[in-house]
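Fold and geometry: a report
This is what each chain is made of:
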Amino acid sequence: MDESLIRQFREIVGNTYVLDSIQERFSYSYDATPLYQSMPDLVIQPGDTEEIAAILKLASQHRIPIVSRGAGSNLSGGTVPVEGGIVLHLNRMNELMEIDTDNLTSTFQPGLVTADLHKAVEAKGLFYPPDPGSMRVSTLGGNVAECAGGMRGLKYGTTKDYVMGVQAVLPDGSVVRFGGKNAKDVAGYDITRLLVGSEGTLAVITEITAKLLPLPESTQTLVAYFRSLVDAAKTVSAIIAAKILPSSMEFLDHGTMHVVEDFSHIGLPLDMEAMLLIQQDGSTLQVEEDIERIASLCRSSGAVEVRMAATPQEGDELMTARRAALSALARVRPTTILEDATVPRAKLAEMVEQVNAIAKKYNVEICTFGHAGDGNLHPTCLTDERDKEEIERVEQAFEEIFHAAIKLGGTVTGEHGVGLAKARYLELKVGHEGLELMKRVKQAFDPLGIMNPGKMFAKDTRRRVVIGTHEHVH
Amino acid sequence: MSTSTKDTMTKELSNQAPVAESADSFVPQFDMNEIMNCMRCGFCLPACPTFRETGKEYASPRGRIALMKGIATGQLAIDQDFEDNMYLCLGCRACESACPAGVKYGRLVENARDAIETVKSMNASKTTDTQSDQTSVATAQGGSLQVAADAITANGAATGTLPLKHTVKRTAKESFVRNLVFRRIFLYPSRIEKMGTVLWAAQTLGLQKLADKTGLMRILPRSMAEMQKAVPKVASPAARRKRRTVVPPSGAASAAGVMQTAGGGAANRTRVASAATGVVTAGAATSVPAGASTGASMDGSIGSKTIRVGMFKGCVMDVMFFEANEATARVLSKAGCEVVFVEDQACCGALHAHSGEQWGALDLAKRNIAAFEKAGIDYVVNNAGGCGAALREYGHWFEGDPEWSERAKAFVAKLMDANELLAKLPEISFTKEVHARVTYQDSCHLRHGQGIWKQPRELIRQLPGVEYVELPGADQCCGSAGIYNITNFDLSMKILDDKMGKVVDTKANVIVTSNPGCLLQMRQGIIRAGLSDHVEAVHIMELLDRAL
């Protein structure tokens, strides 16, 4: 990038917050998505909305791509600067501005870490339910941009159900504000909702107002083991049919159980085909009643063993298997590709069986775990990015998995976002006309195409796994 | 992409970097499998002190590993930025505790520093100025960097790969200091002891105060001038000569035969049983991670032999905190052990390993392994978290070495931190009341490097009269980090002052730690915070000793 231009950016934010050396930029060339990497021209850490507005104005003048990011923990390649340009690292803007106990809202800057918000509101007896797996490191700006989910999706929904208002900077530098603290607000198009999950392709979100709930009085945990996948899936349906909505219902398949047991030796019964980890929260009495009913539903649906945690510590121990899943899987092979194909929950067993069949067909190792309650699966492929031939097969397997999910009425991504990883498959889900409409929305916000270019909309028929992705970048 | 770069990467893939004649063609040897275990989830970011302070991705463990991968795959060169960044790392290994994939970051950063020092040695022997090289690497344009997958696949078309010119160089002053420290002092225990004598003389004659008053200290760098105030009164040569080389057991009973199982892992019990009977078998026990032994106790079925413990003194520890070593021996003796101050032992090698001087570390390790083999002991016990973590790496350091690999593993199998061993032995009956409000600052290398953090807290709680209060953020580095408080003084003091703020909130009047570096840093923190009149910092073994 031109030195005089860099100087202008330095004048906006100060020297310390403009990074331009090779090594500095290299460390912003990736996110948590395996296999994607691309160099930015510049990294800027702005301190407030006005600075972002000035940066965007200048970037528009010079047609420089803008990629905003928080912790870089996303799993869709959404923050990899594939077309170079400027990475806006928003971690300095991490102020928790307000917890409004009268209106049950909280207002904060995008760089605030999700778990820090949890801690702050819970100290006041309040509750912000979205809990993506990366919540200890992820930022709320990233959560909003990707519409992050988590384990509590079934009962509490995802990020989109909590964002009430946003302030954002448009590519030309103008600052807009939509929504707010009003529980009811139908003044015009719901731009707030549109920006949630827009993956940085429309605007830079600079302030967020979110809805809070009262913190549930207690939480209880139960684990159930099954000899067949179908029984586990039947159990999930039976619980919902009995009009119980657990706060989470997590699922591990046989392959995942095996790997977890090898890794952490917690005594999982390996002759079982699947396990469910179920949590319920609410008033103490209601929780006890629900957990009892869930336990008996598990047994009548074919669970071989059901264990209830007597104390919160025991509950934590039971959750160990689920929490250890990704770590254990990550140790098995050098590259771990975590996907999030999602189906209506009634199709859960069918989807897992298809994933297993597809893995066998392409001779790749795929373990599946995930959020059974909302049909959001995480088929996780254990592979090695250095083995091109294997990566080719992995790519084919995932392509078939996405097609299978769509056929079952599902979607190509439940909570990770489209980014680079699913761009090629978006049309599968929304159709040609749908995709064209989305492109026109993008055009209305970002006529110059500088906001996170290369994401969401595939430029060609590039494939899912990156090997070929960058052939067209320069 | 040029053929030569392609060849370089093919060699890298097999993890066998060639010995390069010049820094230009040098490919640093990294453990690619370990690097690849990092899945870039970013869970390490909030645990990292330098990321918390700077907010820059490159100053995080994930960032540093990415840069190492860039260098190992020929996308980046070892330049000044890389060097500064690798030495900005405190090496506290808090990221290892936070890492869901169990990446051994501490080893990776040591590899990186070793690569830096290797390049510097190579560039030192070259006479030509490589000023132009610096510009040749700074050409990577946005979006043009090739996919990592391509670059590290031998047959990939990595068009974005840069010409490799490793540019870091050593200044004359740096060469002199490193030579002095790593080759002339720390390889020789007797020289460290002599320095201790000089220090004792200076303190005894009041020279230190005089220097302080006359402003002589002003000619020292600020970092060292401030630190010298925190240096404790060292033991006199006479006191050192009085040390008993063997301290017999003094506890109510010898440890053997009275130990009860409290549920340690099977492998763990094997280690204890075989070691205690003197028939030490290496293999099985080495695979036991330190964390697995937390809170475990010994198997009841071991023989009736008294446990013979070899004290690893540590070089700095034995000079600066001679009394803490003596206290450790008394406490272990009270617990029923026979304690031997093993002769011919040397510095653990941590300082060398952390500073990219792996050759020196290996030399010291060999001397220690041989010395403790000769001593006929059941356990090697140390009381310095930093040394312990380095000693535990001996097996790794000598991997594949036909002569030393097995011996190193046997050494590690016998290794225990003093806290760890005491937690396994029957509880000591402490008799004296220690009236104090006590808090505990973890030694990073004891907690994150060895997984030992419950045991010291449990031991402190056993002391009569002690009111224990947990220090918030005790698992975060105090900024001492070996010689970091000298090399990166400002950041170190910022971290320390934050820490002291939390100490004040605990209202404790005793801060306990398990490592000499941390202890010195805590003493410095007490002075800086103006708490000298009512707060003291002590080694955990000294606190236990007070209650005997």
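Residues numbered from 1 in each chain as written. Chains lettered and ligands numbered in written order. Predicted model: local features only at pLDDT ≥ 70, side-chain atom pairs only at ≥ 80, totals over all residues.

1. Examining the overall build of chain A
- Within chain A one finds 14 helices and 18 strands.
- C-alpha extents for chain A along the principal axes are approximately 70 × 60 × 40 Å.
- Here chain A holds 474 residues, and 54% of them are scored as buried.
- Within chain A, counting contacts between residues at least 6 apart in sequence, those at least 24 apart form 72% of the total. (Helix = DSSP H or I, 4+ residues; strand = E, 2+ residues; numbered from the N terminus. Buried ≥ 20, exposed ≤ 12 C-beta atoms within 10 Å, placed from the backbone. Contact = placed C-beta atoms within 7 Å.)

2. Some points on the overall build of chain B
- The helix and strand tally for chain B stands at 30 helices and nine strands.
- Among the 548 residues that make up chain B, the fraction classed as buried is 52%.

3. Focus: unusual backbone geometry
- The backbone of A:E199 sits at a positive phi, close to 60°, despite the residue not being glycine.
- Of note, A:E199 is situated in the loop between helix 7 (191-195) and strand 10 (204-211).
- Within the chain, B:R93 stands out as a residue other than glycine whose phi angle is a positive 65°.
- Mapped onto the elements, B:R93 comes out in the loop between helix 5 (80-88) and helix 6 (94-98).

4. Observations concerning the domain arrangement of chain B
- Each domain of chain B was delimited in the assignment, giving domain 1 (3-170), domain 2 (185-238), domain 3 (241-424) and domain 4 (436-546).
- At the interface, seven residues of domain 1 of chain B touch seven residues of domain 3 of chain B. (Domains from an automatic or database assignment.)

5. Quick notes on the sheet that holds strand 7 (residues 466-468) of chain B
All names here are of chain B.
- Spatially, 7-6-8-9 is the arrangement adopted by the four strands of the open sheet, whose pairing is parallel. At either end of the open sheet lies a strand with only one pairing partner, and these are strand 7 and strand 9 (536-539). Between one strand axis and the next, the sheet turns through 35° on average, direction left out of account.
- Pairing of strand 8 (residues 510-513) with strand 9, which is carried by four bridges, proceeds in the parallel orientation. If you follow T513 over to strand 9, its bridge partner there is H539.
- Across the sheet, helix 26 (residues 454-462) touches strand 6 (436-440), strand 7 and strand 8, and the angle it forms with strand 6 is around 175°. (Pairing = 2+ DSSP bridges. Axes fitted to C-alpha atoms, helices over the stretch in contact; angles between N-to-C directions.)

6. Topic: the packing of helix 4 (residues 61-72) of chain B against helix 7 (residues 105-124) of chain B
All names here are of chain B.
- Packing of helix 4 against helix 7 leaves a shortest axis separation of 11 Å and a crossing angle of 45°. In terms of their interaxial angle, helix 4 and helix 7 are classed as oblique. Seen along the crossing, helix 4 lies across helix 7 with a hand that is left-handed. In this structure, helix 4 contributes P61, R64, I65 and M68 to the contact, and helix 7 contributes Y105, L108, V109 and A112.
- Its residues placed into classes, the contact of helix 4 with helix 7 shows seven nonpolar, no polar and one charged. (Parallel < 35°, antiparallel > 145°, perpendicular 65-115°, else oblique. Left-handed = near helix turned anticlockwise from the far one by under 90°. Nonpolar A, V, L, I, M, F, W, Y, C, P; charged D, E, K, R; others polar.)

7. Some remarks on helix 29 (residues 516-528) of chain B
All names here are of chain B.
- Between its terminal C-alpha atoms helix 29 stretches 18 Å, which fits the 18 Å expected from 13 residues at 1.5 Å a residue.
- The element helix 29 is extensively covered by neighbouring structure, given that 11 of its 13 residues are classed as buried.
- What helix 29 keeps buried is the set P516, G517, C518, L519, L520, Q521, M522, R523, Q524, G525 and I526.
- G530 sits one or two residues past helix 29 and shows a positive phi near 70°. (Expected span 1.5 Å × (residues − 1).)

8. Side note on helix 5 of chain B
- For helix 5 of chain B, the set of buried residues is B:F82, B:E83, B:N85 and B:M86.
- Elements that come into contact with the buried residues of helix 5 of chain B comprise helix 2 (22-26) of chain A together with helix 4 and helix 7 of chain B.

9. Section: the sheet that holds strand 9 (residues 175-179) of chain A
Residues and elements named next belong to chain A.
- On the basis of which strands lie adjacent, the open sheet formed by five strands has the order 5-6-10-8-9 and antiparallel pairing. The open sheet has two edge strands, strand 5 (96-100) and strand 9, and neither has a second partner. Taking each pair of neighbouring strands and ignoring which way they run, the sheet shows an average axis angle of 10°.
- In this structure, strand 8 (residues 163-169) lies alongside strand 9, joined through five bridges in antiparallel fashion. Residue pairing for strand 9: A168 is matched across the bridge by V176.
- Across the face of the sheet, helix 3 (residues 49-61) comes into contact with strand 8, strand 9 and strand 10 while running at roughly 50° to strand 8.
- Those strands touched by helix 4 (residues 114-122) are strand 5 and strand 6 (105-108), and its axis lies near 35° from that of strand 5.

10. Concerning the packing of helix 8 (residues 229-241) of chain A against helix 12 (residues 348-361) of chain A
All names here are of chain A.
- In contact at an axis separation of 8 Å, helix 8 and helix 12 are set at 150° when each is read in the N-to-C sense. Relative to helix 12, the element helix 8 lies roughly antiparallel. Judged by the sense of rotation from one axis to the other, the crossing of helix 8 with helix 12 is right-handed. Residues L229, V230, A233 and V236 of helix 8 touch helix 12, and the partners they reach there are L348, A349, V352 and E353.
- Split into classes, the residues belonging to the contact of helix 8 with helix 12 amount to seven nonpolar, no polar and one charged.

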